[in-house]
Amino acid sequence: MSQVQFQAEVTETAILRFAGHQFEPLPSGALYWHAQQTLLVADLHLEKMSSFARRGQMLPPYDTSLTLARLEADLRRTGARRLVCLGDSFHRVDASSLLTSSNRMRLDALAGSVECVWLSGNHDPRPNGLAGTALTELVLAGLTLTHEPRRGTVGLIAGHLHPAAHILMAGRSNRRPCFVHDNRLMILPAYGSSAGSINILSAAFAGLFHLPGLEVTMLGKDRTYPINPRRLIGR
C-alpha cells in the first residue's frame with residue numbers, strides 16, 4: 001500500500017476523541033493524553049527474547065533496547081510528565097531480573113525523569129521491582145486504565161490483545177497494528193518491538209465493541225491514519 005493512497009484519506013495528524021477526551025496516537029503505538037501530560041503504552045513485553053533463550057530458543061536479544069529507545073524518544077517528543085504502562089511490561093513475571101545493567105540503568109533514569117505507573121498484566125501479575133507505582137488499575141480523569149479489555153465499563157482503555165487492522169484499498173491489502181475504540185472501550189496496539197498483533201476482526205475481539213461506533217487508527221512509518229472500518233478485511 002503506497003503512502004500516497006493513505007494520504008488520500010487524511011490531511012492532518014490524527015486526533016482520537018474518546019469518552020469526552022482527546023488523545024494523540026503516535027506512530028510508535030503510544031497514546032499521548034495532552035490534558036494529563038500522560039503517555040500511555042501497552043504490552044512492552046520487555047525481555048521477551050531472553051525469556052525465549054531460557055527455554056532454548058536462541059533469538060537476537062535486542063528487543064528490550066529497541067523498545068526502550070522508542071519509549072525514550074516518545075517521552076522526549078511529547079514532554080510527558082507521567083508514563084502509564086498498561087500491563088505486560090515484561091514478558092514474564094521474573095523478567096526484570098534478566099535486564100542487562102545498561103537497560104536497568106535506562107529504566108531507572110526513565111523512572112527518575114517522569115512519574116511511572118506500572119499496571120499488572122497476565123504476563124507480569126506482580127510488581128516488577130522498578131521505581132514507580134505498581135497498580136492493577138488506575139482511574140484518571142474519569143477514565144479507567146487497565147490491562148485486559150472488558151465490556152460494561154464506559155471509558156475503559158486497555159491493551160492485552162495487540163490489535164491490528166487488515167485493510168483493502170485499490171485492490172491491494174495492508175496489515176498494521178492499530179488503535180481501535182467505540183467511544184466506550186479503547187484498545188492500544190502492542191508497543192514492544194517483538195510483540196505480535198491480532199486482526200481486530202478475529203474471534204479474540206468478538207463482542208467487545210459496538211461495531212456501528214467503531215473507529216480505527218492504523219500505525220504508519222511516520223504518522224497514524226484513520227481508517228474507514230468498511231475497508232477492514234478479516235483474513
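For the structure given in this document, a descriptive report is provided here. (Residues numbered from 1 in each chain as written. Predicted model: local features only at pLDDT ≥ 70, side-chain atom pairs only at ≥ 80, totals over all residues. Heavy atoms only, no water.)

This part is about the nonpolar core. In terms of nonpolar packing, the biggest core is built from 23 residues, with L39, V41, L71, L83 and L107 touching the most fellow members. Among residues more than four places away in sequence, those in contact with L83 are L39, V41, L71, L110, V114, E115, C116 and V117. (Core = buried A, V, L, I, M, F, W, Y, C linked by side-chain atoms within 4.5 Å. Buried < 20%, exposed > 50% of the residue type's maximum accessible area, 1.4 Å probe, protein only. Contact = heavy atoms within 4.5 Å.)

Quick look at the sheet that holds strand β2 (residues 21-25) now. If you walk across this open sheet you meet the 7 strands as β1-β2-β3-β4-β5-β6-β7, and the pairing is mixed. A strand with exactly one partner marks an edge of an open sheet, and here the two such strands are β1 (16-18) and β7 (133-135). Ignoring which end each strand starts from, the neighbouring axes of this sheet average 25° apart. In this sheet, strand β6 (residues 115-119) lies alongside strand β5 (residues 82-85) in parallel orientation, the contact comprising 4 bridges. The residue of β6 that forms the bridge with R82 is E115. (Pairing = 2+ DSSP bridges. Helix = DSSP H or I, 4+ residues; strand = E, 2+ residues; numbered from the N terminus. Axes fitted to C-alpha atoms, helices over the stretch in contact; angles between N-to-C directions.)

Residue alternation in strand β4 (residues 38-41) divides its side chains into two sets, T38 and L40 and L39 and V41, and both sets are buried. Pairing geometry for strand β3 (residues 31-33) and β4, over 3 bridges, is antiparallel. Considered in β4, the bridge of W33 is made with T38. In sequence, β3 turns back onto β4 through a hairpin of 4 residues, with Q37 there showing a positive phi of about 50°. Here β4 runs beside β5; their pairing, made up of 4 bridges, is parallel. Within the sheet, the bridge partner assigned to L40 lies in β5 and is V84.

Once that is clear, we can look at the state of the cysteines. For the coordinates displayed, the defined rule picks out 0 disulfides. There is no disulfide at C85, and the cysteine sulfur nearest it, in C116, is 6.5 Å away. Residue classification places C85 among the buried positions, given a relative accessible area of 1%. (Disulfide = S-S within 2.5 Å.)

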